[in-house]
Amino acid sequence: MPFMNPLSEVELLSLLAPVALTAGDRTLDLGGGRADLSRLLAERFGCAATSVDASPGATEAARARTRHLAGIELHTLDAQSYLARERPTGLALVSVVGAVHAFGEALEGWRQARAALRPVAIHTLLAELVATGARAEKAFGVARAADVEALLSSDAVASIRLGPDRVLAYERAWCASLAAFLEAHPGDPREAWARERIAWTEAPDLRAARAELEFRAWLVRSR
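No experiment lies behind these values; they were computed from the predicted model shown.

A. Geometry of the packing of helix α8 (residues 164-184) against helix α9 (residues 191-201). The interhelical angle for the contact between α8 and α9, taken along N-to-C directions, is 155°, at an axis separation of 10 Å. By the angle class used here, α8 and α9 are roughly antiparallel. With respect to the hand of their crossing, α8 and α9 are arranged in left-handed fashion. For the pair α8 and α9, the contacting residues are Leu168, Glu171, Trp174, Cys175, Leu178, Ala179, Leu182 and Glu183 in the first and Glu191, Trp193, Ala194, Arg195, Arg197, Ile198, Trp200 and Thr201 in the second. Here the contact of α8 with α9 is composed, by residue class, of 10 nonpolar, 1 polar and 5 charged.

Structure follows, in structure tokens:
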């Protein structure tokens, strides 16, 4: 999948349309992984894009995938440490896609992310797994969709909702990549954990909870 989350490129660009990005705009992606979003923004709009991720491996992959592009900056740091160190302001867009948990657990993560990022950029894109029922909320420790909607709706200019089927398709794609890695790297010391994680995705006792799991994204404007 293009962005290491369930969103397609068409869906992501639709979400970002109200931002009206242009060449020279500055953007920041926290939890950016391989810098897929930053690469898209640099290639399509000519943005100056910064991607931040706590994983050195992710940064290495990002560097390999963006070395042909000018204007992309990479940092290996967790989101909150980067904000505290750099104190960015005046950006066109800051995004936290699939990494809202870096700011706190469940609804508190959304609340803290919104507060921390409001002064950073004109628009903020927040996206993460949410629960539509008590089973998913308990099993996965995520916020209720209705609570996040109430938190963000007054400032939201665009949103998207991907249902349980899309979430499970993403999980299965991730597990397939993990299984392919294990086949290519026999004896990896993390194999036991990886096999356990793959089995967890299909665990029968989680099927009811997974049916209440969605991926939601909101584009919100700072006031």
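From this point, things continue past the structure.
B. Just the sheet that holds strand β6 (residues 156-162), in detail. The strand order across the open sheet built from 7 strands is β3-β2-β1-β4-β5-β7-β6, with neighbouring strands paired in mixed fashion. The open sheet is flanked by β3 (72-76) and β6, the only strands paired with a single partner. Pairwise comparison of adjacent strand axes, ignoring direction, gives a mean angle of 15° for this sheet. As paired elements, β6 and strand β7 (residues 213-221) share 6 bridges and run antiparallel to each other. Bridging from a neighbouring strand, Ala156 pairs with Val220 of β7. Running over the sheet, helix α3 (residues 56-66) touches β2 (48-53) and β3 and is turned about 165° from β3.

C. Looking closely at the nonpolar core. Counting 32 residues, the largest nonpolar core has Leu7, Leu12, Leu16 and Leu125 as the members making the most contacts within it. Residues within four places of Leu7 in sequence aside, it is in contact with Pro2, Leu12, Leu15, Val97, Ile160, Leu162, Arg166 and Phe215. By size, the runner-up hydrophobic cluster in this structure holds 25 residues, among which are Val100, Phe103, Ala145 and Val148.

D. Summary view of empty space enclosed by the protein. For the structure on display, the rule yields 1 cavity of 30 Å³ or more. Size it by volume and the largest cavity reaches roughly 30 Å³. At 3 residues, α8 tops the list of elements feeding residues into the lining of the largest cavity.

E. Here's a closer look at the packing of aromatic side chains. Summed over all chains, the structure comprises 2 aromatic pairs. Between Trp110 and Trp218, the ring centres sit 5.5 Å apart and the planes meet at 90°, which makes this aromatic pair edge-to-face. Here Trp218 lies in strand β7 and Trp110 lies in helix α5 (residues 106-117), a separation of 108 residues in the sequence. Among the residues examined, Trp110 registers a relative accessible area of 2% and is labelled buried. Judged by its relative accessible area of 0%, Trp218 is buried. Relative to Trp200, the ring of Phe140 has its centre 5.9 Å away and its plane inclined at 80°; by these criteria the two rings are edge-to-face.

Analysis parameters
Residues numbered from 1 in each chain as written. Predicted model: local features only at pLDDT ≥ 70, side-chain atom pairs only at ≥ 80, totals over all residues. Heavy atoms only, no water. Axes fitted to C-alpha atoms, helices over the stretch in contact; angles between N-to-C directions. Helix = DSSP H or I, 4+ residues; strand = E, 2+ residues; numbered from the N terminus. Parallel < 35°, antiparallel > 145°, perpendicular 65-115°, else oblique. Left-handed = near helix turned anticlockwise from the far one by under 90°. Contact = heavy atoms within 4.5 Å. Nonpolar A, V, L, I, M, F, W, Y, C, P; charged D, E, K, R; others polar. Pairing = 2+ DSSP bridges. Core = buried A, V, L, I, M, F, W, Y, C linked by side-chain atoms within 4.5 Å. Buried < 20%, exposed > 50% of the residue type's maximum accessible area, 1.4 Å probe, protein only. 1 Å grid on protein atoms, 1.4 Å probe; cavity = no way out; pocket = protein on both sides within 12 Å on 5 of 7 lines; lining within 4 Å. Points joined across faces, edges and corners; volume = space filled by probe spheres on them. Phe/Tyr/Trp six-rings, centres within 6.5 Å; stacked < 30°, edge-to-face > 60°.

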